[in-house]
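A structural walkthrough
In case you want the letters, here they are:
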Amino acid sequence: YVNIDINKILIQYVFFANNAKYIFISSADVYKDLPTIQTEVEAVESRNLYTKYKLIGECTVIDMSQKYGINPVIIRPSLIFGKSDNQRFFVNQMIDSIHKEQIFEMTKGRQERDFLYVGDLANAIVRISKASKLKNVVYNISYGVSISLSELATRVFNALQLKDKIKVGAVN
């Protein structure tokens, strides 16, 4: 519940700071039907603890904003990738195996995702923060095209002329 409390405190700060803008970063994972491309009015669903708290955060922001009369912006980025030490993410695992010149073993990779580079997300947040007429809106931030994990990995390894370093379907 720390996340909820932090949002309440920040919204109070925005209220007292006059003219400050509140941007809440949620996630495209809150949409009911993944991995299809979503519009901001699609149904949302709490499928796991992560999406549950993102949705609670959105509701808290909306409720507190109405109480204090501020106009928040909620953004829902798609699957973010970028430089990171976190090896639990697919793209980072793939990059790590390339750097280490190891065989990249993966599942059949049928899952489709819309990947978003972290720098593009940062640019979108800056643009939203500078926009003057945004009020009570939700924005999806994404590349706009889904790709299967196997297709992404195959393209990357082929482009780097490392076709022999990828094993699609090697992991269940």
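Each remark here, short or long, concerns the structure printed above.
Thresholds applied
- Residues numbered from 1 in each chain as written.
- Predicted model: local features only at pLDDT ≥ 70, side-chain atom pairs only at ≥ 80, totals over all residues.
- Heavy atoms only, no water.
- Helix = DSSP H or I, 4+ residues; strand = E, 2+ residues; numbered from the N terminus.
- Buried < 20%, exposed > 50% of the residue type's maximum accessible area, 1.4 Å probe, protein only.
- Contact = heavy atoms within 4.5 Å.
- Areas by Shrake-Rupley, 256 points an atom, 1.4 Å probe, with all protein chains shown as cover.
- Lys, Arg positive; Asp, Glu negative; His and termini not counted.
- Charge placed at Lys NZ, Arg CZ, Asp CG, Glu CD.
- Core = buried A, V, L, I, M, F, W, Y, C linked by side-chain atoms within 4.5 Å.
- Pairing = 2+ DSSP bridges.
- Polar contact = N/O pair within 3.5 Å; in protein donor to acceptor, adjacent residues only side chain to side chain.
- Expected span 1.5 Å × (residues − 1).
- Phe/Tyr/Trp six-rings, centres within 6.5 Å; stacked < 30°, edge-to-face > 60°.

1. Notes on the overall build of the protein
- Assigned secondary structure in the protein consists of five helices and nine strands.
- Overall, the protein shows an N-to-C arrangement of helices and strands of α-β-α-β-β-α-β-β-β-α-β-β-α-β.
- Overall, the protein is about 60 × 30 × 30 Å in size when its C-alpha atoms are taken along their principal axes.
- Burial status across the protein gives 33% buried among its 172 residues.
- Summarising the internal contacts of the protein: among those between residues at least 6 apart in sequence, 75% fall at separations of at least 24.
- As displayed, the protein offers around 11,100 Å² of accessible surface, 53% of which is attributable to carbon and sulfur atoms.
- Between the averaged position of the 22 positive side-chain charges in the protein and that of its 17 negative side-chain charges there is a distance of 4 Å.

2. Points about the nonpolar core
- Counting 13 residues, the largest nonpolar core has Phe90, Met94, Phe104, Met106, Leu152 and Ala153 as its most contacted members.
- Setting aside residues no more than four positions away along its own chain, Phe90 makes contact with Phe104, Met106, Leu149, Leu152 and Ala153.
- Core analysis: the second largest hydrophobic core is formed by nine residues, Phe24, Val61, Met64 and Tyr68 among them.

3. Some details on the pairing of strand β2 (residues 73-77)
- Burial within β2 is extensive, with five of its five residues counted as buried.
- Neither face of β2 is open: one carries Val73, Ile75 and Pro77, the other Ile74 and Arg76, and all of them are buried.
- Relative to β2, strand β1 (residues 23-25) runs parallel, the two being bridged by three bridges. Following the sheet pairing, Ile25 is matched in β2 by Ile75.
- Relative to strand β7 (residues 137-141), β2 runs parallel, the two being bridged by five bridges.

4. Brief notes about the side chain of Thr60
- If you trace the backbone, Thr60 turns up in helix α2 (residues 49-68).
- Here Thr60 falls in the buried class, since its relative accessible area comes to 10%.
- A distance of 2.8 Å separates the side chain of Thr60 from the backbone oxygen of Ile56, its partner in a polar contact.
- Each residue touching Thr60, except ones within four places of it in the same chain, is listed here: Ile4, Asn7, Lys8 and Ile11.

5. Quick notes on α2
- End to end, α2 covers 28 Å across 20 residues, agreeing with the expected 28 Å (1.5 Å per residue, within 8%).
- Buried within α2 are the following residues: Thr51, Lys54, Leu55, Gly57, Glu58, Thr60, Val61, Met64, Ser65 and Tyr68.
- Where α2 is buried, its residues touch α1 (2-17), β1 and β2.
- Once α2 finishes, Gly69 follows within two positions and takes phi at roughly 70 degrees, a positive value.

6. So, the packing of aromatic side chains
- Going through the model one piece at a time under the given rule, you end up with six aromatic pairs.
- Ring plane angle 80 degrees and centroid distance 6.3 Å describe the contact between Phe81 and Phe115, whose orientation is recorded as edge-to-face. Here Phe115 lies in strand β6 (residues 115-117) and Phe81 lies in strand β3 (residues 79-81), a separation of 34 residues in the sequence.

7. Things to note about the environment of Ser97
- As for its placement among the helices and strands, Ser97 is situated in helix α3 (residues 90-99).
- Each C-alpha atom, one on Ser97 and one on Lys165, is 8.8 Å from the other, the two residues being 68 residues apart in sequence.
- Ser97 has contacts with Gln102, Phe104 and Phe157, leaving out every residue within four places of it along the chain.

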